[in-house]
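The residues making up each chain are set out below.
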Amino acid sequence: MTAAKSDRLFARPQQVVDFAFDDAVADVFPDMIRRSVPGYDALIAYLGVLAQQYAQPHSHVYDLGSSLGAATLAMHRQTRTHQLKHICIDNSEAMVKRSQSSLKRHMPDADLQIICADIETAEFYDASIVVINFTLQFLAPDTRLALLKKVYDGLLPGGVLVLSEKINFDDPLESQLQTDLHHTFKSANGYSELEISQKRSAIENVLIPDTLAVHRARLKEAGFNNAYQWFQSFNFVSLLAQKS
Ligand SMILES: C[S@@+](CC[C@H](N)C(=O)[O-])C[C@H]1O[C@@H](n2cnc3c(N)ncnc32)[C@H](O)[C@@H]1O
């Protein structure tokens, strides 16, 4: 993928503004997400395993909030013979521009479409896999159900949604424990106290986490009978929901 430039965006004291997936962020994104999201590399690799399990030949695979396309590339590597159509959607021009060149270089023979659009306006069909990796959390909470309903309708029988999110906890003690561990994870990855606190201020109005219970109830309302948690790293989880 893109050469991993080091993320120093919040290193100097600054007037903090709301976080956006702009050119500056896209430039350092691989380094930023690895050092900020515990288990990110493992989770991306496991998406390849899930794709191997659930991809249906000649179907569509959607990556919603695809950023630089890491999830799509991992899934493609395990499903080369399935004749899939990969559709990546992201509303950041900076991300789309970079993923166009990078994904086309890394998966030149794939049937790949990269769309710069709001995922809330997208239509889904013939999908065996839809991945929403750390992106639902950036949508206004009251719009999340409508997106999941559209995803459910666009899945083939047996198709799956993989939903990864940062989560909140009902239990205040667990919430503090997981938040502290996440903070320590970032510190262990070289972020200073200033970087951690300025990034937190930048993102707190933009990334709105739900509890696991809220996610499960919403998935049920969208039509999914079951949603299984298959991955957790501190306050980051991933759920697998299958359409019967
Ligand atoms: C944390 S990143 C996702 C990481 C990526 N899925 C991965 O696994 O590497 C969130 C992405 O979602 C995109 N995004 C946020 N809201 C969106 C929306 N409403 N429509 C499309 N993309 C959106 C952002 O531009 C950003 O690239």
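The structure under discussion appears in the preceding block.
Quick summary incoming for the structure in this document. (Residues numbered from 1 in each chain as written. Predicted model: local features only at pLDDT ≥ 70, side-chain atom pairs only at ≥ 80, totals over all residues.)

**Regarding the overall build of the protein**
Phase 1: Summing up its helical and strand segments, the protein has 8 helices and 8 strands in all.
Phase 2: In summary, the protein has a C-alpha radius of gyration of 17 Å against a globular reference of 18 Å for 244 residues, a match within 12%.
Phase 3: Projecting the C-alpha coordinates of the protein onto the three principal axes gives extents of approximately 50 × 40 × 30 Å.
Phase 4: The buried share of the protein, taken over its 244 residues, is 39%.
Phase 5: For the protein, restricting intrachain contacts to residue pairs at least 6 apart in sequence, the fraction spanning at least 24 positions comes to 80%. (Helix = DSSP H or I, 4+ residues; strand = E, 2+ residues; numbered from the N terminus. Rg over C-alpha atoms; globule rule 2.2 N^0.38 Å. Buried ≥ 20, exposed ≤ 12 C-beta atoms within 10 Å, placed from the backbone. Contact = placed C-beta atoms within 7 Å.)

**Section: the site of the ligand**
Phase 1: Contacts to the ligand come from 20 residues, most closely from F21, G65, N91, S92 and N133.
Phase 2: Contributions of two or more residues to the shell around the ligand are made by α3 (70-77) and β2 (85-90).
Phase 3: Of the residues in the shell around the ligand, the class split is 10 nonpolar, 7 polar and 3 charged. (Near = placed C-beta within 6 Å. Nonpolar A, V, L, I, M, F, W, Y, C, P; charged D, E, K, R; others polar.)

**So, the packing of helix α2 (residues 40-54) against α3**
Phase 1: Two elements in contact, α2 and α3, have axes separated by 7 Å at closest approach and are oriented at 45 degrees. The orientation of α2 with respect to α3, classified from their angle, is oblique. Note that α2 runs across α3; the crossing there is right-handed. Listed contacts from α3 to I44, A45, L47, G48 and A51 of α2 are A70, A71, A74, M75 and R77. (Axes fitted to C-alpha atoms, helices over the stretch in contact; angles between N-to-C directions. Parallel < 35°, antiparallel > 145°, perpendicular 65-115°, else oblique. Left-handed = near helix turned anticlockwise from the far one by under 90°.)

**Concerning the nonpolar core**
Phase 1: Core analysis: the biggest nonpolar cluster contains 54 residues, and L47, Y62, I129, V130, V131 and L161 have the highest contact counts within it.
Phase 2: Ignoring any residue separated from it by four or fewer positions in sequence, one finds Y62 in contact with I87, I89, F124, A127, V130 and V131. (Core = buried A, V, L, I, M, F, W, Y, C linked by C-beta atoms within 7 Å.)

**Details of helix α4 (residues 93-106)**
Phase 1: For α4, with 14 residues, the first-to-last C-alpha span of 20 Å sits near the 20 Å given by 1.5 Å per residue.
Phase 2: Roughly 30 degrees is the biggest bend found in α4, and it falls at S99.
Phase 3: Restricting attention to buried positions, one finds in α4 the residues A94, M95, V96, R98, S99 and L103.
Phase 4: Those residues of α4 that are buried are in contact with α1 (23-36), α3, β2 and β3 (111-116). (Expected span 1.5 Å × (residues − 1). Bend = angle between axes of the 7 residues up to and from the residue.)

**A closer look at unusual backbone geometry**
Phase 1: A positive phi angle, near 55 degrees, is found at D126, a position not held by glycine.
Phase 2: With respect to the helices and strands, the residue D126 is situated in the loop between β3 and β4 (127-133).
Phase 3: Look at D126 and you get partly exposed, because 14 C-beta atoms sit within 10 Å.
Phase 4: The phi dihedral of F234 falls on the positive side, at around 55 degrees, and the residue is not glycine.
Phase 5: Tracing the chain through its elements places F234 in the loop between β7 (227-233) and β8 (236-242).
Phase 6: Residue class for F234 comes out partly exposed when judged on the 19 C-beta atoms lying within 10 Å of it.

**Things to note about the pairing of strand β5 (residues 155-168)**
Note on strand geometry: in a regular strand, side chains alternate between the two faces of the sheet.
Phase 1: Along β5, 10 of the 14 residues are buried, which leaves the element largely enclosed by surrounding structure.
Phase 2: Relative to β5, β4 runs parallel, the two sharing 6 bridges. Pairing of A127 across the sheet is with L155, part of β5.
Phase 3: In terms of strand pairing, β5 meets β8 through 7 bridges, oriented antiparallel. Residue pairing across strands places V162 opposite L240, the latter belonging to β8.
Phase 4: As defined by bridge partners, β5 adjoins strand β6 (residues 210-211) across 2 bridges and the pair is classed as parallel. Bridge pairing in β6 places I167 opposite D210. (Pairing = 2+ DSSP bridges.)

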